[in-house]
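Listed below are the residues making up each chain.
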Amino acid sequence: EILKFRENYVPLNLPCFRVASYNILADRYCDSDFSAKYLYPFCPRKWLNLSYRIQIVIKELLAYKCDVICLQECDKKSFDNVLKH
């Protein structure tokens with residue numbers, strides 16, 4: 001929907017670029033028993049797992065077709081193991 005909105009209302013002959021800002025939730029904030037019990041009790045434990053979440057994040061970010069992506073809470077583990085490649 002966002003992409004369709006942009007394509008419908010921004011003239012295509014204008015130079016432009018896309019920027020996305022996305023909070024990927026640092027793994028250290030959701031991989032403990034404390035976070036599962038008190039911070040995210042409504043969320044199934046498997047959804048808090050980095051290997052599950054990161055695939056969804058990557059798919060969504062690629063769909064935006066951005067020129068610039070700014071990530072919040074991107075810890076070194078997430079970047080080095082997954083996003084850098």
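As shown above, the structure is provided for reference.
Notes on the structure follow. (Residues numbered from 1 in each chain as written. Predicted model: local features only at pLDDT ≥ 70, side-chain atom pairs only at ≥ 80, totals over all residues. Heavy atoms only, no water.)

1. Here we look at the packing of helix α4 (residues 50-64) against helix α5 (residues 76-83)
Orientation of α4 relative to α5, taken along the N-to-C sense of each, is 65°, at an axis distance of 12 Å. Relative to α5, the element α4 lies roughly perpendicular. Viewed along their axes, α4 and α5 form a crossing whose handedness is right-handed. Mapping the contact onto sequence places L50, I54 and I58 in α4 and K77, S78, V82 and L83 in α5. Along the lines of polarity and charge, the residues of the contact of α4 with α5 split into five nonpolar, one polar and one charged. (Axes fitted to C-alpha atoms, helices over the stretch in contact; angles between N-to-C directions. Helix = DSSP H or I, 4+ residues; strand = E, 2+ residues; numbered from the N terminus. Parallel < 35°, antiparallel > 145°, perpendicular 65-115°, else oblique. Left-handed = near helix turned anticlockwise from the far one by under 90°. Contact = heavy atoms within 4.5 Å. Nonpolar A, V, L, I, M, F, W, Y, C, P; charged D, E, K, R; others polar.)

All we've got here are geometric facts, nothing functional implied.
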